[in-house]
Amino acid sequence: MCLGIPGQIVEITDVKNKLATVDISGVKRQVNIACIVDDTHPVESCLGDWVLVHVGFAMQRIDPKEAAETLKLLEELAEIQESLTVSN
């Protein structure tokens, strides 16, 4: 099992090599988008897409609602972990 983190593609940085900048909760990272492009969804059309990012690759497109729900859950988990760390 792997953990994909939701992020939004904010810039296509290299069309030929299928690279884009993704914003993940305010942190911008370059990712490879080759896994989410095809003849019906070319590189140029990925701008604004929400994707699941895992080890530098956009693994799949997701809808904005799913992205928001996942980010909210991850924030809640981080808060719980922080409270457990503080109490120990």
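Not measured: the values here are computed from a predicted model. Note that residues are indexed from 1 along each chain, following the sequence as it is written. Totals for whole chains, interfaces and linings use all residues, but because this is a predicted model, local features are given only for residues with pLDDT of at least 70 and pairs of side-chain atoms are given and counted only at 80 or more. Water and hydrogen atoms were dropped before computing side-chain values, which therefore reflect all heavy atoms in the structure.

1. Here we look at the nonpolar core
Piece 1. Here, nonpolar core refers to any group of buried Ala, Val, Leu, Ile, Met, Phe, Trp, Tyr and Cys residues whose side-chain atoms link them within 4.5 Å. Under the scheme applied here, a residue whose accessible area is under 20% of the maximum for its type counts as buried, over 50% as exposed, and between as partly exposed, the area being computed with a 1.4 Å probe on protein chains only. Counting 13 residues, the largest nonpolar core has Ile-9, Val-22, Ile-33, Ile-36 and Val-51 as the members making the most contacts within it.
Piece 2. Under the DSSP-based scheme used, a helix requires at least four consecutive residues in state H or I and a strand at least two consecutive residues in state E, with every element numbered from the N terminus. Of all elements in the fold, only strand 2 (19-24) and strand 4 (50-54) reach the threshold of two or more residues within this core.
Piece 3. Dropping the residues within four chain positions of it, Val-22 is found in contact with Gly-7, Gln-8, Ile-9, Val-27, Lys-28, Arg-29, Val-31, Val-51 and Val-53. What makes two residues a contact is simply this: any of their non-hydrogen atoms within 4.5 Å.

2. Considerations on the pairing of strand 1 (residues 5-14)
Piece 1. Pairs of strands are assigned from DSSP output, requiring at least two bridges between the strands. Bridging between strand 1 and strand 4 involves four bridges; their strand directions are antiparallel. Its bridge partner being in strand 4, Gly-7 is matched across the sheet by Val-51.
Piece 2. Where strand 1 lies against strand 2, five bridges are found, and the strand directions are antiparallel. From the neighbouring strand, Gln-8 faces strand 2, where its bridge partner is Asp-23.

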